[in-house]
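Listed below, chain by chain, are the residues.
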Amino acid sequence: MLSAELHCHSELSFDGRDPVELLLSQADAVGLDALAVTDHDEIEASLDAAERAADYGLVGIPGSEVTSAAGHVLALGIHERVPAGLPFTDTVDHIHDQDGIAVVPHPFQRSRSGVAPHITSEELASADAIEVYNSRLLTGRSNRRAGRFARSHDLPMTAGSDAHIAEMVGQAVTTVGATERTLAGVLDGIRAGRTEVIGKRTPWRISLRQAGGGVKRRIKGRLTSLL
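Residues numbered from 1 in each chain as written. Predicted model: local features only at pLDDT ≥ 70, side-chain atom pairs only at ≥ 80, totals over all residues. Heavy atoms only, no water.

1. Here we look at the sheet that holds strand β5 (residues 101-104)
- Strand order across the open sheet formed by nine strands is β7-β6-β5-β4-β3-β2-β1-β8-β9, with mixed pairing between neighbours. Of all the strands in the sheet, just β7 (157-160) and β9 (195-199) have a single pairing partner and so form its edges. The average angle at which neighbouring strand axes cross in this sheet is 30 degrees, direction not considered.
- By the bridge criterion, two bridges tie β5 to strand β6 (residues 129-134) in an arrangement that is parallel. Note that in β6 the partner of V103 across the bridge is A129.
- Where helix α2 (residues 44-52) meets the sheet, its contacts fall on β2 (34-37) and β3 (59-67), and the angle it forms with β3 comes to roughly 170 degrees.
- Each of β6 and β7 touches helix α5 (residues 141-152); the most contacted strand, β6, lies at about 155 degrees to it. (Pairing = 2+ DSSP bridges. Helix = DSSP H or I, 4+ residues; strand = E, 2+ residues; numbered from the N terminus. Axes fitted to C-alpha atoms, helices over the stretch in contact; angles between N-to-C directions. Contact = heavy atoms within 4.5 Å.)

So, in structure tokens, the structure goes:
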């Protein structure tokens, strides 16, 4: 079994803080086997992290958190940016065209761009996997609902720290029954549903700091665009 962080953000995300070096170092320090950097609608930092992962003893998983018209979709194993704003099914198709897998994060959290309120159950079930444990939870209700949906539709289940600062990498881990310690091995293990989830809640002070930092960066970006 390989332990993987499948959902975290670098400084390239509008609400991220740290460079990929710190994310990789943290993943190594907490004993992970694989890391996916999933910046919002960006891929450059993730490609960089995937290329450098072996230097840290890790399997690098290139990816992105794509903003579809319905909400967020994790694209894992891609090599080119997936356009934002496409319908959910088109987003999934673009990911599959790159031999990647489409994982739906926090699907029932409307306040965090979960897709479930905007698509049918059949469309949601067309994803390759469902993130059933996201560390940045409030009550855990949405995570439990995601778990029930995944089990009822026989979908693979994943976890993600949704870290926006390096020290939170590894808060939620997906263990994958991979036949080999490679990118293909990890992706095939997820597709086949050979996964287990392990997670703990992101501390409130960290969640507030992450949220505050994201707001500041958004305001700064808007002001810069107006000047």
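2. Focus on a negative patch on the surface
- Together, D90, D93, D97 and D99 line one region of the surface with negative charge.
- Along the chain, the position of D97 falls in helix α3 (residues 88-97). (Patch = residues over 30% accessible without salt bridge, like charges linked within 9 Å, V, L, I, M, F, W, Y side chains within 5 Å. Areas by Shrake-Rupley, 256 points an atom, 1.4 Å probe, with all protein chains shown as cover. Salt bridge = Lys/Arg side-chain N within 4 Å of Asp/Glu carboxyl O. Lys, Arg positive; Asp, Glu negative; His and termini not counted. Charge placed at Lys NZ, Arg CZ, Asp CG, Glu CD.)

3. A look at unusual backbone geometry
- The backbone of D41 sits at a positive phi, close to 55 degrees, despite the residue not being glycine.
- The topology assignment puts D41 in the loop between β2 and α2.
- With a phi angle near 55 degrees, D154 is a residue other than glycine that sits in the positive phi range.
- Topologically, D154 is positioned in the loop between α5 and β7.
- Overall, the relative accessible area of 70% leaves D154 in the exposed class. (Buried < 20%, exposed > 50% of the residue type's maximum accessible area, 1.4 Å probe, protein only.)

4. Brief notes about the pairing of strand β8 (residues 172-176)
- Most of β8 sits out of view: five of its five residues are buried.
- Of the two faces of β8, the one holding A172, T174 and V176 and the one holding V173 and T175 are both buried throughout.
- One ladder, built from three bridges, connects strand β1 (residues 2-8) with β8; its direction is antiparallel. Each residue of the ladder has a partner; that of L2, found in β8, is V176.
- Sheet topology note: the β8/β9 ladder contains five bridges and is antiparallel. Bridging from a neighbouring strand, V173 pairs with I198 of β9.

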